[in-house]
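Reading the structure
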Protein chains: 4
Amino acid sequence: MRPAPVLRFSPIIYFMAKVLTILVDSPDEKGLIYKITGILYNRSLNIVKNREFVDSDSNRFFMRTEVEGVVDECLLEEELTSVLPDQSKIKVVSDRRKKLVILVTKENHCLGDLLVRNHFKEWNADILAVIGNYDVLKSFTEKFNVPFHFVDATNMSRDMHEQAMLKIIDGYAPDYLVLAKYMRVLTPEFVKNYEERIINIHHSFLPAFIGGHPYRQAYLRGVKIIGATAHFVNNSLDEGPIICQNVIPVDHSQNASDMARAGKDIEKIVLAQSLKMVLEDRVMLSGNKTVIL
Amino acid sequence: MRPAPVLRFSPIIYFMAKVLTILVDSPDEKGLIYKITGILYNRSLNIVKNREFVDSDSNRFFMRTEVEGVVDECLLEEELTSVLPDQSKIKVVSDRRKKLVILVTKENHCLGDLLVRNHFKEWNADILAVIGNYDVLKSFTEKFNVPFHFVDATNMSRDMHEQAMLKIIDGYAPDYLVLAKYMRVLTPEFVKNYEERIINIHHSFLPAFIGGHPYRQAYLRGVKIIGATAHFVNNSLDEGPIICQNVIPVDHSQNASDMARAGKDIEKIVLAQSLKMVLEDRVMLSGNKTVIL
Amino acid sequence: MRPAPVLRFSPIIYFMAKVLTILVDSPDEKGLIYKITGILYNRSLNIVKNREFVDSDSNRFFMRTEVEGVVDECLLEEELTSVLPDQSKIKVVSDRRKKLVILVTKENHCLGDLLVRNHFKEWNADILAVIGNYDVLKSFTEKFNVPFHFVDATNMSRDMHEQAMLKIIDGYAPDYLVLAKYMRVLTPEFVKNYEERIINIHHSFLPAFIGGHPYRQAYLRGVKIIGATAHFVNNSLDEGPIICQNVIPVDHSQNASDMARAGKDIEKIVLAQSLKMVLEDRVMLSGNKTVIL
Amino acid sequence: MRPAPVLRFSPIIYFMAKVLTILVDSPDEKGLIYKITGILYNRSLNIVKNREFVDSDSNRFFMRTEVEGVVDECLLEEELTSVLPDQSKIKVVSDRRKKLVILVTKENHCLGDLLVRNHFKEWNADILAVIGNYDVLKSFTEKFNVPFHFVDATNMSRDMHEQAMLKIIDGYAPDYLVLAKYMRVLTPEFVKNYEERIINIHHSFLPAFIGGHPYRQAYLRGVKIIGATAHFVNNSLDEGPIICQNVIPVDHSQNASDMARAGKDIEKIVLAQSLKMVLEDRVMLSGNKTVIL
């Protein structure tokens, strides 16, 4: 017998229905959906959206459920843990606004797109700051009343530069870092501070044209389609889990810089679409791949 | 200790594990997934794939579940019916091969594509016959050892022609009729014989360019993209539930017949993709819309 | 003998090579390319890009040529006129920066995209002003140092409102008006002031879902693809010559407002791409269709 | 006064108007279009279609012109040669039907598509024979009255096998060889016999996933889009000039074999579209890239 809800909430908050997102990543076995939905049913939670996926390679079960109702998140997480197999990862996410920090270098198209969306509150999230290793985007960023931090890399070791960046970033305690055409490679030491929480936009259809100058490479190879890839950053450059990709046709009349210009439009859209899915807690990780539910 | 392998090949089919697809379309209410998966869990059925959708306009719940295990389909259907709300539609579909009859007029691209796929057993289904209101595709069809019936419409009322068609079609007891560029309008009387089981490919991006000569219309309107639409046929011409659509870019240099030629490639692919989804029991109907799970 | 160049240019400008764009729209006949390129060759102009198209329906010839060299535009235009058939339209366009005025209502995504591009000088053009029939985008516009004029339509006849708008617009003498989700219908009287110079973005894949609420219509029809169309505005609502279209896939899980949100990304990209082509003088008109060279 | 109509149907074929395609690939210099169109004008040839391109990297000029009229092809070629710079390549191509030989292994989708198109005379070309290193597609091919040659590679050196293939191929004197999922690597010795005349379909979005098992690679990498690439074969495996590419979206729910199945539809369409452009003499080569006019 558990009277917890009475104790944990004031009478007013207790009665407010809210939307919670439940994320389950567990070893697959018979009866998982039954057990999970049983708990939700007993707690009178209404399932608004529900998606599952079984990765038969790794034999893991993924589930994302949106429920409406009155419940304490921690208790729900505990209860789910009690019925699910060992080595399950369970997250119950409330709909609080998330916090973002953006990293940039010199290119404006992705940053511009993100700042406009942020200004008009397109997401349930806020851009707290923009950090650049150049200062060319400073005044533009500040038009939107978002602070811009210029962290010059000249005369600094990579390590010192990253430490200087981290110090600023950590001050904002962001949920996610967004690399909006940040053109420096991040070290594994940096990445591990925000593991599975750094989103990058790469200006090619990965894994084609890994590394720098992908449009030049695409032009020289004579491809008829170019693309953009948004992915989580892990230790291997350009090899983290892919979130979203898109492409546009090109032809022989476009040179490398025409392709770069044309590519900007899909880069910014692919980045924004990926960020939207991440902010809606729809992107789960299965090894080096994403499961989008 | 279970001596099943010995039994497995006994004449008693009842004990053979198989894949079943469970389709539920019911009024939405709390606990549906819990109740359904409870039955599956108690019967030791393993859920291989599962998708749900709630249409908040009609307040109906849709679910498609693939399970593996040993079960009698009728008993399972009954048991599910007993826990689900009134006005639920429940289907438990075994993986028997489905039967198709194709209707054509003169154009060969869709028919050719379907016959090649059928020849190489791409689907869990068979084309039993092709029926044409012209005979130009007869010898081509027969190359594939599929019977071709020529039902000439000259000197026949629409009604008589449809009756003549139906007599042949009914003889094959097909699960689905596929209109592979069959260019005559079907009457409501004809359609009701195969309600929700007639699939048509329309050579435009519906609802643009309803009716005849869509490529001519598209050319005259100067569109920059053309499309194809596969849909179920209902009583209103070109207005049945859409299953799949696709498009290709066009430009000013293409006249109506260039567009028609270019459109053929997407027509045949869209039709084949739609048919594949229908044959996999992935397409459910919600009013005049499809829910694809 | 014609000493005009000496008189018309100062000695310094005279010797500066420049890029000119020559646009020819004439009745088709044998030898046109030969005659036109002959003039260019004799004037030592180097052809950088060249595209032609013959509309066999109207029997008209379209040509767009970019040349580099030293030449007086008016003289070149005269000389071309002298060799081309009657009823030819010849334009020699210099690469001067063009002037834009934007019209908006309440939605921000197209305006935001245009203002960012304008801020970073993406085009050989400048946004001189934004005019709205609501003032919700005023402070946003002014962040970019672009004047915003609020022309309230309340308590005004359509005619009076358009006159008030025109007065402001005419003051800027723009080359093009861009309707960036301006949600009021323009009268033929208004349109004729900027004939063939008003670009609109329509939030559907025209000619499907003409008129208001296209996403609602698309949702109700259950389409699997939605689109956006940029077109020149003529007297018939939503029926002017189409410049560019694009689409994105949707599915049953997206309601009308999800589709509207998803559609915004293609609306802004399609509008920007169309505007880019118009500003590069690549869009010619052939009746109610565009020829893009 | 010209009594031509009387002559036009005389036995002297020389005087029959026909469509010729003129292909020019020459060093770029001022006046090329003027000189070429001058010859055409003087010979009373009517330009039906005309496209040019200047590759500013290699400084070469490419032109494809379709003309109607009465002319001897060799004389025209000579006359064009006389006015064009040294190192120009000039081809005047009549509209005779071209000859194709298809190479296959075991997969049927590309072959099936090509044979249906060939059967219904979709191109101005004929498939003369199909050659396979397996015999599984023999009876299927023969349904279409196209000879199938089985050249078994077992117990043969690569060299011996290619010699055996070549002997058969050469007997047909084809204009183009089409590798319709021919899964053996061709040696440079083989390729040089049909240089710039072998078209391959590669089952990935080159240059991603070069080599074997691209769908497996794509699955493991977790890409969200897969593609197909048609290209000319040169000495480096999968690195010849790309003619056409296309893509389809995939998601986490598709494993490697689902992707392979989905990919087949674009493979066959991309191959057919590329072949169509090649057969229309629209594909020129500029180094390792194609120029498509």
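These numbers were taken from a predicted model, which means no experiment stands behind them.

Overlay of chain A on chain B (RMSD 0.0 Å): rotation 180 degrees, translation along the axis 0.0 Å. Between the two chains, the operation in question is that of a two-fold axis. Looking at the rotation axis and the C-alpha trace of chain A, the residue lying nearest is Tyr34 of chain A, at 2.6 Å. When the interface residues of chain A are mapped onto chain B, 100% of them are again interface residues, pointing to one common binding face.

Quick look at the domain arrangement of chain A now. Residue and element names in this part refer to chain A. When cut into domains, chain A gives domain 1 (18–94) and domain 2 (98–292). Computed from C-alpha coordinates alone, the two centres of domain 1 and domain 2 are separated by 31 Å. For the pair domain 1 and domain 2, the summed buried surface comes to about 780 Å²; carbon and sulfur atoms form 58% of the total. Of all residues in domain 1, Leu23, Phe62 and Arg64 bury the most surface against domain 2, accounting for 50% of the area lost on that side.

Taken together, the 15 residues of chain A in the interface contact 15 residues of chain B. Summing both sides of the interface, chain A and chain B together bury roughly 1500 Å²; the carbon and sulfur share of this comes to 60%. For the chain A face of the interface with chain B, the top three residues by lost area are Lys30, Tyr34 and Tyr41 of chain A, together amounting to 43%. On the surface where chain A and chain B come into contact, there are 4 residue pairs in polar contact (both at pLDDT 80 or more). Contributions of two or more residues to the side of chain A that touches chain B are made by helix H3 (32–42) and strand E2 (46–55) of chain A. A total of 6 residues in the side of chain A that touches chain B trace back to one element, the largest contributor, which is H3 of chain A. Residue composition of the side of chain A that touches chain B, grouped by class: 5 nonpolar, 6 polar and 4 charged.

Moving on to the pairing of strand E13 (residues 289–292) of chain A. Residue and element names in this part refer to chain A. Here E13 shows two buried faces, one formed by Lys289 and Val291 and the other by Thr290 and Ile292. Here strand E12 (residues 283–286) pairs with E13 via 4 bridges, running antiparallel. By the bridge assignment, Ser286 is partnered in E13 with Lys289. The hairpin turn running from E12 into E13, its antiparallel successor, is 2 residues long, and Gly287 in that turn takes a positive phi close to 65 degrees.

Calculation rules
Residues numbered from 1 in each chain as written. Chains lettered and ligands numbered in written order. Predicted model: local features only at pLDDT ≥ 70, side-chain atom pairs only at ≥ 80, totals over all residues. Heavy atoms only, no water. Least-squares fit on C-alpha atoms with pLDDT ≥ 70 in both. Contact = heavy atoms within 4.5 Å. Domains from an automatic or database assignment. Buried area = accessible area lost by both parts, 1.4 Å probe. Polar contact = N/O pair within 3.5 Å; in protein donor to acceptor, adjacent residues only side chain to side chain. Helix = DSSP H or I, 4+ residues; strand = E, 2+ residues; numbered from the N terminus. Nonpolar A, V, L, I, M, F, W, Y, C, P; charged D, E, K, R; others polar. Buried < 20%, exposed > 50% of the residue type's maximum accessible area, 1.4 Å probe, protein only. Pairing = 2+ DSSP bridges.

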